[in-house]
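Understanding the architecture of this molecule
Letter by letter, the chains look like this.
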Amino acid sequence: MASTNILSQPEVPATDVVFLDSIQFTTAIGSDCWRRPKPQSVLASVYLYLQSSFLDSCGISDDVKDSVHYGHLAKAVSAIVGERERTKKPYTGVHALVQDVTQAAFELAEERAVAVRVVVDLPKQILLASGFSVDVTTPRAKTGESGRASFPSATICVKDLVLPVLIGVNPPERLARQRVVTNITFYERTCITSESTSTPTVSTQSQASEVDYTTIVQLLYEWINSTSYLTLEKLVLELVRACFRVTSPQVDAVTVRCEKPSAISFAHVSGIQMTRRREEVDLTPETE
């Protein structure tokens with residue numbers, strides 16, 4: 001099955017990968033779920049996509065010097081976060097952290113890396129959701145192509161958001177709201193920041209105006225309380241439309257997946273998933 005992030009993530013060739021999964025640390029990244037500029041728990045994963053067959057030499061010599069040492073990568077990430085804490089310069093948003101880690105990874109791997117992927121998870125960022133993640137893949141800038149650089153891409157996931165929805169065709173379902181577990185993936189359009197010259201970076205309306213997904217989810221939650229639908233298909237489509245209405249054109253596409261845990265007694269869940277680009281969706285508000 002094709003990955004749902006196919007709309008955003010650039011193609012990375014099948015190659016060798018050195019990675020760190022879920023480095024844990026605590027740091028301030030913008031505001032937390034209560035709008036406080038306080039440190040929060042962070043999980044960061046880093047994937048170094050290396051030149052094809054690069055790790056063969058280490059596999060033959062059995063000498064870590066012939067590889068890109070993931071221990072050095074872990075120390076580099078820790079040093080970046082530690083420097084922010086030491087200088088009391090908190091991150092303005094997730095993308096600032098992603099850019100720092102991406103740059104450190106490229107510097108460590110040098111020309112051996114063809115791309116760097118960084119995934120940052122903030123488990124406590126969104127109330128009523130089990131997780132929030134930002135996934136950015138940055139290909140190495142290519143030279144000799146009329147000045148064009150390879151741009152990064154960003155996929156933002158709100159995981160297992162619990163929405164109280166009045167939904168269903170059966171008479172009992174019209175009497176009370178039921179729990180609908182919702183996953184929303186936002187695909188951000190990419191461009192180059194004013195701070196960057198040769199190295200492409202993800203510009204989420206520049207760091208000063210980074211997309212505020214905490215507020216977006218709150219707006220969606222408030223909106224859903226005023227709705228009533230018969231089918232999940234209608235709910236999912238209206239959620240897609242609502243996602244585009246409360247975000248800027250920087251969000252190029254959205255995937256919404258809704259699950260009804262109580263719909264089928266002998267199934268874990270039943271559900272509907274839709275992926276739409278902004279230009280495919282009619283954003284005209286429905287008339288009463």
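Look up: the structure comes first, before these words.
Right, let's walk through the structure included here. (Residues numbered from 1 in each chain as written. Predicted model: local features only at pLDDT ≥ 70, side-chain atom pairs only at ≥ 80, totals over all residues. Heavy atoms only, no water.)

Let's talk about the environment of Pro90
Short version of the rule: Each helix is a run of DSSP H or I of at least 4 residues and each strand a run of E of at least 2, with the numbering of both proceeding from the N terminus. In this description, contact between two residues means that some pair of their heavy atoms is separated by no more than 4.5 Å.
Mapped onto the elements of the fold, Pro90 is located in the loop between α2 (70–87) and α3 (94–109). Separated by 51 residues in sequence, Pro90 and Pro39 place their C-alpha atoms 8.7 Å apart. When sequence neighbours within four positions are dropped, the list of residues in contact with Pro90 reads Ala28 and Arg84.

Focus on the packing of helix α4 (residues 213–224) against helix α5 (residues 232–245)
Formally: Angles shown run from 0 to 180 degrees and are taken between the N-to-C directions of axes, each axis being a line fitted to C-alpha atoms and, for helices, limited to the stretch in contact. Any angle between 65 and 115 degrees counts as roughly perpendicular, while under 35 counts as roughly parallel, over 145 as roughly antiparallel, and the rest as oblique. Crossing chirality is assigned from the near helix's rotation relative to the far helix, an anticlockwise turn below a right angle marking it left-handed and a clockwise turn marking it right-handed. Here the term charged refers only to Asp, Glu, Lys and Arg, the term nonpolar to Ala, Val, Leu, Ile, Met, Phe, Trp, Tyr, Cys and Pro, and the term polar to all other amino acids, Gly among them.
Contact pair α4 / α5: the axes reach a minimum separation of 11 Å and the direction vectors enclose 135°. As the angle between them shows, α4 and α5 are arranged oblique. In the crossing of α4 with α5, the sense of the turn from one axis to the other is right-handed. Taking contact as the criterion, the partners of Leu220, Trp223 and Ile224 in α4 are, on α5, Leu235, Glu238, Leu239, Ala242 and Cys243. In terms of residue class, the contact of α4 with α5 is built from 7 nonpolar, no polar and 1 charged.

Focus: α2
Basically, it comes down to this: Residue count minus one, scaled by 1.5 Å, sets the expected span of a helix. Whether a residue is buried, partly exposed or exposed follows from its accessible area with a 1.4 Å probe, protein chains only, as a fraction of its type maximum: under 20%, in between, or over 50%, in that order. The directions considered for the arc are those from the helix axis to the C-beta atoms.
When the terminal C-alpha atoms of α2 are compared, their 26 Å separation across 18 residues agrees well with the 26 Å that a helix rising 1.5 Å per residue should span. Listed in full, the buried residues belonging to α2 are Leu73, Val77, Ile80 and Val81. The buried residues of α2 all sit within an arc of 80° when viewed along its axis, so they share a single face. Exposed residues on α2 whose side chains face more than 90 degrees from its buried face are Lys75 and Arg86. Structurally, α2 contributes buried residues whose contacts are with β1 (16–27), β2 (40–50) and α3.

Any link to function would need more than the numbers given here.
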